[in-house]
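These are the residues of each chain, in order.
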Amino acid sequence: MANTGYDEWMAAIGDGEGYYLGCPDGHGSLPPRRTCPHCGASELTEEPLPETGEVVTFTEVHVPAPNFADEAPYVTAVVSFGAVKLTGVVRDMPNDEVELGTEVTADTDVNATTGEQLLVFRPADA
Amino acid sequence: MKDVRIAGVGLTKFGNLPDRTGRDLFAEAALAAREDAGVSRDDYERIYYGNFMGELAEQQGHQGPVMAEAAGLECPATRFEQACASAGVAFRQAVQTIRSGGADVVLAGGMERMNNLGTAKVTQSLAIAADELFEVRAGVTFPGAYALMARAYFNEFGGDTEDLAHIAVKNHANAMPNEYAQFHREITLDDAMESAVVADPLRLYDACPITDGASAIVLVSDDYAEEHGLDAPVTVTGTGQGGDKAALQDRKYLARTPAATKAADEAYADAGISPDDVDVAEVHDCFTIAEVLALESLGLYEHGEGIGAAARGETTRDGDLPVNLSGGLKAKGHPVGATGTAQLVEMTKLLRGDHANSDAVSDAQIGITHNAGGTVSSAVVHVLEVMD
């Protein structure tokens, strides 16, 4: 199933050319959007996603849904990139080393269970 | 504007009932509420019914007519879907319909059948309340979402998993005398803190169970109650609803639930009360941390102070503000689409004096219910008062 807007955004993240949608008031959001969810502005422009972000919260999931059956236990994190926060799975570092404030980059990978594109974070200093 | 009274309430036993159909569960609760109300069958004008995942659990959409039949009524029936707040918004719609003069008698309720799916499919089904593109695909489960909020809370305000365990212990104790509750098992702090990790930092005993069940309430206008001499001592004096961004990543706060604050502020203003006037509360503790977030967002505690309320004994049965005397979602159970009206059934009985735990709040005049959807991207709050 194609999800126009989202698919292109994920591909850009995977290519190292991630972006977010910025409004004139400086709010950030992710596509597909026609209006800023924070203030309703309709003039949205693609802004480059900062190269690194900081983990603002995370959880190690031990009981997965079927779409992550082959991943558990895995760490899902919410990462702040300034104007936007992204949610993804942390890769390339041990689960027990993920902390609040850990610096990561955004990338994509394949979900081993579903074969779908998956947003992932990798340690920035790797 | 017409005042709205609660004329009758009904519940099924909550529990692991995989073989019972949704229509049979709702029939049991609706018939119990109808009997409690004593309203003539012909006088029912609307059914507002909450259900979250009926398409997934029973391949049954368009549940309004199915449930009207089950309830033995012939009137228009509409289903409301708002994740775990489905029945709460159905009840709110009933209040608003009666207040506006659109009807004098409405049956509000909800039902969820879950256990027939098994744990893995239930986990998958519950996750559809989250943002599909940006959360579910990133591995966010329902417990995982609340775990993200719990860690953010600990980081911002302090507190720890032992504080959360006190909430689980309290709510299990409250459920003991409640015949409708799923669990009748006291637990210890050690039981809670040594249970299996579901989504770190949350453990099995931080989570509500998977529950089948139904709930129903007969609401009537004040005029109707007077004309028909109904015994309906509980009045709905306040209703409020709030919303937030669907995904946690788009929110301003990860450790606060402003949708509940909006709902509470509206409901308190509607009822002409302040949080200080609240004698007893039923809040949406789908996870222990959710009870903390609720207490703070409802204005019952300052942000950062709610985490220790159970440990300090303030929200226990004998405390100043008993919370979740029913056992809460944690121990009474959480049939998702039935929970909102189940909380209102429990609160009505607590205030009327015919609840197993009514003796803990024998002087209570004002009770509130807080029903949340998803990670509190939806919230509904109601104020119930006993009229002298």
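Residues numbered from 1 in each chain as written. Chains lettered and ligands numbered in written order. Predicted model: local features only at pLDDT ≥ 70, side-chain atom pairs only at ≥ 80, totals over all residues. Heavy atoms only, no water.

Asker: Whenever I open this one, the domain arrangement of chain B confuses me. Can you help?
Answerer: Residues and elements named next belong to chain B. Here chain B is described as being made up of domain 1 (4-118 + 210-235) and domain 2 (125-208 + 238-386). Each partner contributes residues to the interface: domain 1 has 45 residues there, and domain 2 has 47 residues. For the pair domain 1 and domain 2, the two sides together bury roughly 3400 Å², of which 65% comes from carbon and sulfur. Among the residues domain 1 hides against domain 2, the three largest losses belong to Phe14, Cys84 and Arg92. Together they make up 21% of the total. Where domain 1 touches domain 2, the interface holds 3 salt bridges. Across the pair Glu266 and Arg92 runs a salt bridge whose closest N-O atoms are separated by 3.4 Å. Scanning the region where domain 1 abuts domain 2 turns up 18 residue pairs in polar contact (both at pLDDT 80 or more). A per-element tally of the side of domain 1 that touches domain 2 places helix α4 (residues 86-99) first, with 8 residues. When grouped by side-chain class, the residues that make up the side of domain 1 that touches domain 2 number 24 nonpolar, 15 polar and 6 charged. (Domains from an automatic or database assignment. Contact = heavy atoms within 4.5 Å. Buried area = accessible area lost by both parts, 1.4 Å probe. Salt bridge = Lys/Arg side-chain N within 4 Å of Asp/Glu carboxyl O. Polar contact = N/O pair within 3.5 Å; in protein donor to acceptor, adjacent residues only side chain to side chain. Helix = DSSP H or I, 4+ residues; strand = E, 2+ residues; numbered from the N terminus. Nonpolar A, V, L, I, M, F, W, Y, C, P; charged D, E, K, R; others polar.)

Asker: Is there a simple way to think about the nonpolar core in this case?
Answerer: One broad rule of soluble globular proteins: the nonpolar side chains tend to lie buried together. All names here are of chain B. Counting residues in hydrophobic clusters, the biggest one holds 72 residues, and the most contacted among them are Tyr146, Tyr268, Ile289, Leu298 and Leu300. The element contributing the most residues to this core is helix α6 (residues 142-157), with 10 residues. In contact with Leu300, other than residues within four places in its own chain, are Tyr268, Pro275, Val278, Ala281, Leu295, Leu321 and Ile368. Within the second largest apolar cluster, 34 residues are counted, among which are Phe14, Ala85, Ile217 and Ala342. (Core = buried A, V, L, I, M, F, W, Y, C linked by side-chain atoms within 4.5 Å. Buried < 20%, exposed > 50% of the residue type's maximum accessible area, 1.4 Å probe, protein only.)

Asker: Is there a simple way to explain the environment of A:Leu118 in this structure?
Answerer: With respect to the secondary-structure elements, A:Leu118 resides in strand β8 (residues 117-123). In the structure, A:Leu118 is positioned 75 residues away from A:Glu43 in sequence and 29 Å away in space, judged by C-alpha atoms. Look past the residues within four positions of A:Leu118 in its chain and what remains in contact with it is A:Met10, A:Phe68, A:Glu71, A:Val89, A:Arg91, A:Asp107, A:Thr108, A:Asp109, A:Val110, A:Asn111, B:Arg137 and B:Ala138.

Asker: Whenever I open this one, the state of the cysteines confuses me. Can you help?
Answerer: Disulfides are covalent bonds that connect the sulfur atoms of two cysteines. Evaluated as defined, the whole model comprises 0 disulfides over all chains. Sulfur of A:Cys39: no disulfide; nearest cysteine sulfur belongs to A:Cys23 and is 3.7 Å away. Note on B:Cys286: no disulfide assigned, nearest cysteine sulfur contributed by B:Cys208 at a separation of 5.9 Å. Residue class for B:Cys286 comes out buried when judged on its relative accessible area of 0%. (Disulfide = S-S within 2.5 Å.)

Asker: It is not clear to me how the UniProt feature "domain: Thiolase N-terminal" (unreviewed entry) in chain B should be interpreted in this structure. Could you clarify?
Answerer: With numbering matched to this structure, UniProt assigns "domain: Thiolase N-terminal" (unreviewed entry) to residues 6-222 of chain B. Along residues 6-222 of chain B the backbone is 41% helical and 17% strand, and the end-to-end C-alpha distance reaches 9 Å. (UniProt positions renumbered as here; feature names shortened; annotations may be inferred.)

Asker: Before we go on, may I ask you to explain the interface of chain B and chain A in this structure?
Answerer: Interface size, as often reported, equals the accessible area lost upon joining of the parts. Contacts between chain B and chain A engage 27 residues on the former and 34 residues on the latter. Between chain B and chain A lies a buried interface of about 2700 Å² when both sides are counted; carbon and sulfur atoms form 60% of it. The largest share of the area that chain B buries against chain A comes from B:Phe134, B:Arg137 and B:Gln249, three residues that together contribute 25% of it. Summed over the shared surface of chain B and chain A, the number is 1 salt bridge. For the side of chain B that touches chain A, the secondary-structure elements that each account for two or more residues are α5 (119-126), α6 and β5 (197-199) of chain B. The greatest single-element share of the side of chain B that touches chain A, amounting to 6 residues, is contributed by α6(B). Tallied by class, residues from the side of chain B that touches chain A come to 14 nonpolar, 7 polar and 6 charged.

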